[in-house]
Number of protein chains: 2
Amino acid sequence: MNLQQLRYVFEVSRHGYNVSEAAESLFTSQPGVSKQIRLLEEELGFEIFERHGKRLVGITEPGRQVLAIAERVLRDVDNLRQVGEEFTNESRGRLSIATTHTQARYALPKVVQEFLRRYPAVRLELHQGSPRQVCEMVLSGEADVAIATEAIADYDDLVMLPCYQWNRCVIAPQKHPILQAKPLTLEEIARWPIITYDSAFTGRSQINKAFLGRGLKPNVVLTAIDSDVIKTYVGMGLGIGIVARMAYDPLADKGLGMLDAAHLFETSTTRIGILRNAWLRGYVYAFIELFAPHLPRRMVELALAGGGSDPGL
Amino acid sequence: MNLQQLRYVFEVSRHGYNVSEAAESLFTSQPGVSKQIRLLEEELGFEIFERHGKRLVGITEPGRQVLAIAERVLRDVDNLRQVGEEFTNESRGRLSIATTHTQARYALPKVVQEFLRRYPAVRLELHQGSPRQVCEMVLSGEADVAIATEAIADYDDLVMLPCYQWNRCVIAPQKHPILQAKPLTLEEIARWPIITYDSAFTGRSQINKAFLGRGLKPNVVLTAIDSDVIKTYVGMGLGIGIVARMAYDPLADKGLGMLDAAHLFETSTTRIGILRNAWLRGYVYAFIELFAPHLPRRMVELALAGGGSDPGL
DNA sequence: GATAGTTACGGTAGTCGTAACTATC
DNA sequence: GATAGTTACGACTACCGTAACTATC
């Protein structure tokens, strides 16, 4: 058994059991891949892949187990290389962050600025996507960390660490009557056309839940994945907006009024997600601590090694 | 990088940084090991081992990280072989259980009997030791599962699953006056010489705690690791015994009387411990379920993959 | 007939073992 | 001087690539 064989198995299954394609992506010959897989199967004593004659068409049950373990091994080998990078080039490297618009636009700028000041030689990459996509990016190795609020509880291979809590506010054009409402109620909000987040995003489910709990049917006329888009349409008078509190900036959003709505919706928790058995560069820990000061390196390591997905914060 | 190199690193560190010894244990030549380690170090870009001139004397900080990952990889490779065994020889194999005397003698017999009936081709091995030793055996790969009650919370690499709860009883010679005490109190117990478990064992700390909580100083005249030894001395009139409730058998222990003491001590939880990222043979899951029916395969797998050490039971 | 995988075979690289050498204790 | 590790070198193995062959769709 050797690492190459595991790599081959992984790549073949990743390419839909097409050996030729896998070989190409590995910059090697098809017969080589074929043979090595045969050898591994011989050594283990069973077939990893299902075959119709010569063609590979699927994976066997034991093969599935092999694949799972192989993936972990390959990830670990990658981790070893990372260790190398870390100790030869402590302060240079790449940090790839996958996150949602709201985080990228309102929560991260300060953190990123400070991070770049401290680690000028680290190339920072910001990827955007839905909470789901963001998690997939980490799972696929495309990103190192995910930052999102929703739908990121159900990945076994991700460790999710709570970073901060936040709630929503209602925004409306300056002279809109809702700005006089005190206290602000869900009933009042439900009277107006609403512009808010797309259903896959940024705690949108909390919003639905709140209205549902009161038997209200909010009139959502427009959804977006982007707080700025929402603000734009609110400014145009198309409706009132429900956005993350941190997305309202009294200076930048002079044309809009804001009412805090923390008492109306459940708080949302934004979490950071990392691959369970990843080995992280020093500056990744630094970034996490900048973003969530209550998560120093030791806490994160603990969560990675032992842990449940929520170290009881 | 290849698996052999990782194996070499692991073995060298295991043999106190003695390359020659490591080579011998790997049935290969010393220069080969030396060279491969050099090659790996070269590839990673740093030294894994600390050297005084040519002699290896320790491990560097990055080396420590490499070693940790290497261990995981090697364990996974082993897991792969296990998968092979499992699917080619589903019902034959070896199951090595490390446990304490009390479990082996009073909790396991029925389970073992049933297990052997169902898996006649599995060679069962029972190892005994203190809770600590038992855990070490699993960590070193000597045993597959650990079963114990105490001191097994603080191993990061072990997943501990609660199996059953139990408490203690007081035993004494048939005519001993304490047998008339009702209700039985700690104060009453403290009046007599006590024979009970050694301090490293079987929930002994719960006993200490109970007396301490009442400001009592129990007169422990003799400790043992073995319920049968305790019963023997109690039978000889050397004192009263505090043993696990399940260790008293009215038939076998005719000469002794028993008073339940569940109301005096905190209950103890016996747990089963397995290596966090182990791949387990099917019959290991079967054994666990026989021992703790509330832990079917799926629960155990869940705990192994994701989980905290205590899946909230 | 086109696409996909296996068998066959030769070249090459890398690993292993022995032997000679060098350094540490 | 004894023990431990490195360098040097030769043998062998096993992996890779090309080419020819075979099977599936």
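Here the structure is a predicted model, which is why all the values come from computation and not from measurement.

Draft legend 1. Quick look at the sheet that holds strand β5 (residues 145-148) of chain B. Residues and elements named next belong to chain B. Reading across the sheet, the five strands line up as β4-β3-β5-β12-β6 and stay open at both edges, with mixed pairing between neighbours. Each edge of the open sheet carries a strand with a single partner, namely β4 (122-128) and β6 (158-166). Ignoring which end each strand starts from, the neighbouring axes of this sheet average 20° apart. Pairing between strand β3 (residues 93-99) and β5: three bridges, direction parallel. Within β5, the residue paired with A98 across the bridge is A146. Set on the sheet, helix α5 (residues 101-118) makes contact with β3, β4, β5, β6 and β12 (268-275); between it and β4 the angle comes to about 175°.

Draft legend 2. Layout of the interface of chain B and chain A. Contacts between chain B and chain A engage 31 residues on the former and 31 residues on the latter. Summed over the three residues of chain B that lose the most area to chain A, namely M1(B), I69(B) and L80(B), the buried surface amounts to 21% of that side. Counting the contacts that link chain B with chain A gives four salt bridges. Here D76(B) ties to R72(A) by a salt bridge, and the two come within 2.4 Å at their closest N and O atoms. Counting across the chain B and chain A interface gives eight residue pairs in polar contact (both at pLDDT 80 or more). Residue assignment for the side of chain B that touches chain A shows that the elements contributing at least two residues are α1 (3-14), α3 (30-44) and α4 (61-88) of chain B. When residues in the side of chain B that touches chain A are grouped by element, the largest group, 16 residues, is from α4(B). Considered class by class, the residues forming the side of chain B that touches chain A number 15 nonpolar, ten polar and six charged.

Draft legend 3. Representation of the relation of the copies chain B and chain A within the structure. Once chain B has been moved 0.0 Å along the axis and rotated by 180°, it coincides with chain A to within an RMSD of 0.2 Å. Between the two chains, the operation in question is that of a two-fold axis. Residue by residue, 100% of the interface of chain B is reproduced at the interface of chain A, so both copies engage with the same surface.

Draft legend 4. How the structure looks around the protein's contact with DNA strand C. Around DNA strand C sit 24 residues in total, of which Q30(A), S34(A), K54(A), T28(B) and R55(B) are the nearest. Residue R55(A) places a side-chain N or O atom 2.9 Å away from a base oxygen belonging to DNA strand C. Of all the elements in the fold, those that place two or more residues in the surface near DNA strand C are α2 (19-25) and α3 (30-44) of chain A together with α1 and α3 of chain B. With four residues, the top contributor of residues to the surface near DNA strand C is α3(A). Considering only residue class, the surface near DNA strand C consists of seven nonpolar, eleven polar and six charged.

Draft legend 5. Fine view of the sheet that holds strand β8 (residues 193-197) of chain B. All names here are of chain B. The strand order across the open sheet formed by five strands is β9-β8-β10-β7-β11, and the pairing between neighbours is mixed. The sheet is open, and its two borders are formed by β9 (219-224) and β11 (256-260), each paired with just one other strand. For this sheet, the mean inter-axis angle between neighbouring strands, taken without regard to orientation, is 30°. For β8 and β9, the ladder comprises five bridges, and the chain directions are parallel. In the sheet register, I195 faces β9, and the bridge partner there is L222. Against the sheet, helix α8 (residues 204-213) makes contact with β7 (168-173), β8, β9 and β10 (240-244), and its axis sits at roughly 145° relative to β8, the strand it touches most.

Draft legend 6. Layout of the pairing of strand β2 (residues 55-59) of chain B. Residue and element names in this part refer to chain B. Two elements, strand β1 (residues 49-52) and β2, share four bridges in a ladder whose sense is antiparallel. The residue bridging H52 from the neighbouring strand is R55, located in β2. Where β1 folds back onto β2 in an antiparallel hairpin, the turn is made up of two residues, including G53, whose phi is positive at roughly 65°.

Definitions and cut-offs
- Residues numbered from 1 in each chain as written.
- Chains lettered and ligands numbered in written order.
- Predicted model: local features only at pLDDT ≥ 70, side-chain atom pairs only at ≥ 80, totals over all residues.
- Heavy atoms only, no water.
- Pairing = 2+ DSSP bridges.
- Helix = DSSP H or I, 4+ residues; strand = E, 2+ residues; numbered from the N terminus.
- Axes fitted to C-alpha atoms, helices over the stretch in contact; angles between N-to-C directions.
- Contact = heavy atoms within 4.5 Å.
- Buried area = accessible area lost by both parts, 1.4 Å probe.
- Salt bridge = Lys/Arg side-chain N within 4 Å of Asp/Glu carboxyl O.
- Polar contact = N/O pair within 3.5 Å; in protein donor to acceptor, adjacent residues only side chain to side chain.
- Nonpolar A, V, L, I, M, F, W, Y, C, P; charged D, E, K, R; others polar.
- Least-squares fit on C-alpha atoms with pLDDT ≥ 70 in both.
- Near = heavy atom within 4 Å.

All quantities given are derived from atomic positions and should not be read as evidence of function.
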